[in-house]
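Below, each chain spelled out in residue letters.
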Amino acid sequence: MAPPQESGPLNLLRPLLLLSYSAFYIPHTLFNLLATRNLAPLTNFSSFKDHWFARFWTWFGPRSRESAAAKVTPLIQNNARGVLLDIGPGSGQWLFLFARALNPNITKIYGVEPNAGLHAELRANAERAGLGEIYEVIGCGAEELGSKGGVQQGSVDTIVTVQCLCSIPGPERVIRDLYPLLKPGGKWLVYEHVRTKFREEFVGGWQRESCLVVSC
Ligand SMILES: C[S@@+](CC[C@H](N)C(=O)[O-])C[C@H]1O[C@@H](n2cnc3c(N)ncnc32)[C@H](O)[C@@H]1O
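To keep things clear, this report deals only with the structure shown in the data block. (Residues numbered from 1 in each chain as written. Predicted model: local features only at pLDDT ≥ 70, side-chain atom pairs only at ≥ 80, totals over all residues. Heavy atoms only, no water.)

## Points about the site of the ligand
Piece 1. Around the ligand there are 20 residues in total, and G88, Q93, E113, A142 and V162 lie nearest to it.
Piece 2. In this structure, an oxygen atom belonging to the ligand sits 2.5 Å away from a side-chain N or O atom of Q93.
Piece 3. Expressed as a share of its isolated accessible area of 590 Å², the protein-covered part of the ligand is 92%. (Near = heavy atom within 4 Å. Polar contact = N/O pair within 3.5 Å; in protein donor to acceptor, adjacent residues only side chain to side chain. Areas by Shrake-Rupley, 256 points an atom, 1.4 Å probe, with all protein chains shown as cover.)

## A word on the environment of E136
Piece 1. Within the element layout of this structure, E136 appears in strand β3 (residues 135-138).
Piece 2. The exposure class assigned to E136 is partly exposed, which follows from its relative accessible area of 36%.
Piece 3. Here the alpha-carbon distance between E136 and I109, two residues 27 residues apart in the chain, equals 6.2 Å.
Piece 4. Residues contacting E136, with those up to four places away along its chain left out, are K108, I109, Y110 and G111.
Piece 5. Within the local environment of E136, its side chain forms a polar contact with the side chain of K108, the two groups lying 3.0 Å apart. (Helix = DSSP H or I, 4+ residues; strand = E, 2+ residues; numbered from the N terminus. Buried < 20%, exposed > 50% of the residue type's maximum accessible area, 1.4 Å probe, protein only. Contact = heavy atoms within 4.5 Å.)

## Some remarks on the environment of N79
Piece 1. Its place among the elements puts N79 in the loop between α2 (45-76) and β1 (82-87).
Piece 2. The exposure class of N79 is partly exposed, given its relative accessible area of 26%.
Piece 3. Setting aside residues up to four positions removed in sequence, N79 forms contacts with P74, N103, K187 and L189.
Piece 4. At 2.8 Å, the side chain of N79 and the backbone oxygen of L75 are in polar contact.

## Describing the packing of aromatic side chains
Piece 1. What the rule picks out here adds up to 13 aromatic pairs.
Piece 2. With a centroid separation of 6.2 Å and 40° between ring planes, the pair formed by Y21 and F60 is classed as tilted. Of this pair, Y21 sits in helix α1 (residues 14-35) while F60 is found in helix α2, placing the two residues 39 residues apart along the sequence.
Piece 3. Judged by centre distance (5.5 Å) and plane angle (15°), the rings of F53 and W57 are stacked. On the criterion of helical spacing, the pair formed by F53 and W57 is a turn pair, its members being 4 residues apart in helix α2.
Piece 4. Of the residues examined, W57 reaches a relative accessible area of 16% and is grouped as buried. (Phe/Tyr/Trp six-rings, centres within 6.5 Å; stacked < 30°, edge-to-face > 60°.)

## Brief notes about the pattern of salt bridges
Piece 1. Under the defined criterion, the tally for this structure stands at 5 salt bridges.
Piece 2. Its salt-bridge partner being D157, residue R81 comes within 3.3 Å of it at the nearest N-O pair. Separated by 76 residues along the polypeptide, R81 in the loop between α2 and β1 and D157 in strand β4 (residues 156-162) bring together distant segments of the chain.
Piece 3. K108 serves as the salt-bridge partner of E136, at 3.0 Å between the closest nitrogen and oxygen. Residue E136 is located in strand β3, and its partner K108 is located in strand β2 (residues 106-112); the two are separated by 28 residues in the primary sequence.
Piece 4. One salt-bridge network, in which partners are shared between bridges, spans R81, D157 and K183. (Salt bridge = Lys/Arg side-chain N within 4 Å of Asp/Glu carboxyl O.)

## Section: the nonpolar core
Piece 1. Ranked by internal contacts, the top residues of the largest apolar core, which has 21 residues, are I76, L95, F98, I109, L131 and Y135.
Piece 2. Counting residues per element, the ones that place at least two in this core are α2, β2, α3 (119-128), β3 and β4.
Piece 3. In terms of residue count, α2 provides more of this core than any other element does, 3 residues in total.
Piece 4. If near-sequence neighbours (up to four positions away) are discounted, F98 is found in contact with I76, L84, D86, N103, I106, I109, L131 and V160.
Piece 5. Of all hydrophobic cores here, the second largest spans 18 residues; its members include V112, L145, C164 and L182. (Core = buried A, V, L, I, M, F, W, Y, C linked by side-chain atoms within 4.5 Å.)

Interpretation note: all reported values are geometric properties and have no functional meaning in isolation.
In structure tokens:
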């Protein structure tokens, strides 16, 4: 079932709804880690957070996709080509858009996803989209691509960022670092949260506060 999509003023309650869904996954994650005797993440908050987010996003990602599909599909379909950097793909819920039928000119895809808890689902979605042979997961942050990921400057035809810059620490710096990886004439396909145009009104203040809490 898709989470309710309210319009009008009730839409302002969405960050609270998102927080509640996310909070539900804390006991869920704890239980799973205990049941599988995987206790190490219980002693390291960053690792726990990755497990928690992976569980939450595997459920929530496909639901959020329903509300974004009308904009993301035409953005990516038939627009990506050559060597592609898929930044923060999560569980790979958009990978079907890279399939040959919709994007025949992609030759290689690097999925840059630091959360190892999402890699199994990401690879499975690459296989489902018929991209198993060309989709390679790089398990580091976008900010580490030059040093750890081994991606050369001027070697990429397409960069895709869909709802991920809000999760990356220091997005301005990452944007500056990623640009030189593009070949001349390369494309960056972007679908991200943006600041409301009602900045001086209640909506602007509410967005600032809720973004601090849900980090978007
Ligand atoms: C809100 S999710 C969106 C996932 C996917 N793009 C989608 O639309 O379903 C944000 C993703 O960015 C990833 N992420 C967080 N920090 C990152 C970083 N430094 N570099 C690349 N990806 C990062 C998260 O692990 C997560 O998978």
